[in-house]
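Chain and residue survey
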Amino acid sequence: MEKAPVNFKQQRDFGEVFNATFAFIGQEIKPLGKAVLFFVLPILIITAILQVFVGIEYQKFMATIQTNSDFVAANPFAAMGGIYKYMFFYLLVYLLAFSALRCTIYSYIKTYIEKGKDQFTLTDVWAEVKRFILPIIGTSILIGLLVLIGYIFCILPGIWLGVSLSLIFIAMIFEGKGMGDAFSRSFSLTKQSWWNTLAILLICGILVYILNLILSVPSMLLGMKSLFASFKNLQEGGSMNFSTSYFVVNAITSLVGYILFSIPAIAIAFQYFNLREITERPSLDEKIEQIG
């Protein structure tokens, strides 16, 4: 029996937001997963590769500190080798990957709402992704800097900004707003139910963290094996040495972990429509127009 389409445009309480989130994931996991596979996974693979190189270069740097600390003190940048270069590109691609993930998920949801369940293709989703990806990337950079500054001065301003701006990306895509208008829109909606939005983000964050821990078991086991071998190596005058396979498995685990951030993104989409229904009742207006 085919499941009925999930209705985004309705008011939901705290528990219903999560029920709707997992109902939507269960219903759309194949087509949504295919969209992520085509539009996000290639960038995530590059991110994972760069993560491997960062780990290897960092290990080389630590070995240099242990064996030639004078050289490190005199030539810190030379001793670091390619760490800062790989780290720069890793952070850059990481930002691009998360922007692409957000853009893909919200573009998929928008197309799902506008065209109907099973009534659209990846080409339709791609049209929306192409339209919004650059504004999303630019906004991601700005929001990241603002939240970072908030955390630097005090943790609480960073949390407040992070929650208050959590709807900015979906406001850009669903309402076609520019960065400034979407900024104001996110603040306006979240202030109606700030604590509820924080709780949704917190629960989703805990869930993603637990799932990541479970996924990390293979890399942790490899890490422990390498750690024990490194202790023996240290006793013999050598340095810490984690295997390349450890860095590879850890990067693959991280890659899958990145995709899990789809869960809070989808939950926030339901919260966005929930807050709109609470404050503006757009679905009621649509029904009145249809009757008229």
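Just so we're clear, the structure is a prediction, and the values are computed from it rather than from any experiment. (Residues numbered from 1 in each chain as written. Predicted model: local features only at pLDDT ≥ 70, side-chain atom pairs only at ≥ 80, totals over all residues. Heavy atoms only, no water.)

1. A look at the overall build of the chain
Looking only at helices and strands, the chain has 14 helices and zero strands in total. The linear arrangement of helices and strands in the chain, starting from the amino end, is α-α-α-α-α-α-α-α-α-α-α-α-α-α. Per-residue burial for the chain yields a buried fraction of 43% across its 292 residues. By sequence separation, contacts in the chain at least 24 residues apart represent 75% of the contacts at least 6 residues apart. Total accessible area computed for the chain in this model is approximately 15,800 Å², and 67% of it derives from carbon and sulfur atoms. (Helix = DSSP H or I, 4+ residues; strand = E, 2+ residues; numbered from the N terminus. Buried < 20%, exposed > 50% of the residue type's maximum accessible area, 1.4 Å probe, protein only. Contact = heavy atoms within 4.5 Å. Areas by Shrake-Rupley, 256 points an atom, 1.4 Å probe, with all protein chains shown as cover.)

2. Observations regarding the nonpolar core
Core analysis: the biggest nonpolar cluster contains 70 residues, and Phe-8, Phe-24, Tyr-106, Tyr-108, Ile-109 and Phe-270 have the highest contact counts within it. In this structure, Tyr-106 is in contact with Phe-169, Ile-170, Ile-173, Phe-174, Ala-265, Ile-268 and Ala-269, ignoring residues within four places of it in sequence. (Core = buried A, V, L, I, M, F, W, Y, C linked by side-chain atoms within 4.5 Å.)

3. Overview of the packing of aromatic side chains
The geometry of an aromatic ring pair is captured by the separation of the ring centres together with the interplanar angle, meaning the angle of the planes. Counted according to the given criterion, the structure contains 23 aromatic pairs. With 5.2 Å between their ring centres and 90° between their planes, Phe-24 and Tyr-112 make a pair best called edge-to-face. Here Phe-24, found in helix α1 (residues 14-39), pairs with Tyr-112, found in helix α5 (residues 83-115); they are 88 residues apart in sequence, far enough to count as distant. In this structure, Phe-24 and Tyr-112 share a single accessibility class: buried. Ring centres of Phe-53 and Tyr-86 lie 5.1 Å apart, and the angle between their planes is 10°; on these two criteria the pair is classed as stacked. Taken as a pair, Phe-53 in helix α2 (residues 41-67) and Tyr-86 in helix α5 lie far apart in primary sequence, 33 residues in all. Judged by relative accessible area, which is 27%, Tyr-86 ranks as partly exposed. Pairwise contacts between aromatic rings join Phe-8, Phe-24, Tyr-108, Tyr-112, Phe-120, Phe-174, Phe-270, Tyr-272 and Phe-273 into one cluster. (Phe/Tyr/Trp six-rings, centres within 6.5 Å; stacked < 30°, edge-to-face > 60°.)

4. Thoughts on the pattern of salt bridges
A full pass over the atoms with the stated rule returns five salt bridges. Between Lys-110 and Glu-128 there is a salt bridge, with the nearest N and O atoms lying 3.2 Å from each other. Placement of Lys-110 in helix α5 and of Glu-128 in helix α6 (residues 122-153) is noted, with a sequence separation of 18 residues between them. For Lys-110, a relative accessible area of 6% translates into the label buried. A relative accessible area of 14% means that Glu-128 is categorised as buried. The partner of Arg-185 in a salt bridge is Glu-175, and the shortest N-O contact between them spans 2.8 Å. Taken together, the residues Arg-185 in helix α9 (residues 179-190) and Glu-175 in helix α8 (residues 168-175) connect sequence positions ten residues apart. Arg-185 sits in the buried class, given a relative accessible area of 13%. With relative accessibility at 25%, the residue Glu-175 sits in the partly exposed group. A cluster of three or more residues bridged by salt bridges with shared partners is formed by Lys-110, Glu-128 and Arg-131. (Salt bridge = Lys/Arg side-chain N within 4 Å of Asp/Glu carboxyl O.)

5. Remarks on helix α7 (residues 155-164)
Of all the residues in α7, the buried ones are Gly-158, Leu-161, Val-163 and Ser-164. The elements touched by buried residues of α7 are α6, α9 and α10 (194-215).

6. With respect to a nonpolar patch on the surface
Taken together, Phe-14, Leu-202, Ile-203, Ile-206, Tyr-209, Ile-210, Leu-213 and Ile-214 make up a surface patch of nonpolar side chains, about 750 Å² in accessible area. If you tally residues by element for the nonpolar patch, the top one is α10, at seven residues. Residue placement: Leu-202 occurs in helix α10. (Patch = residues over 30% accessible without salt bridge, like charges linked within 9 Å, V, L, I, M, F, W, Y side chains within 5 Å.)

7. Some points on the packing of α7 against α10
Interaxial distance between α7 and α10 falls to 10 Å at its minimum, and their mutual angle equals 95°. Overall, the two elements α7 and α10 adopt an arrangement that is roughly perpendicular. Of the residues in α10, those in contact with Ile-159, Trp-160, Val-163 and Ser-164 of α7 are Trp-194, Thr-197, Leu-198 and Leu-201. (Axes fitted to C-alpha atoms, helices over the stretch in contact; angles between N-to-C directions. Parallel < 35°, antiparallel > 145°, perpendicular 65-115°, else oblique.)

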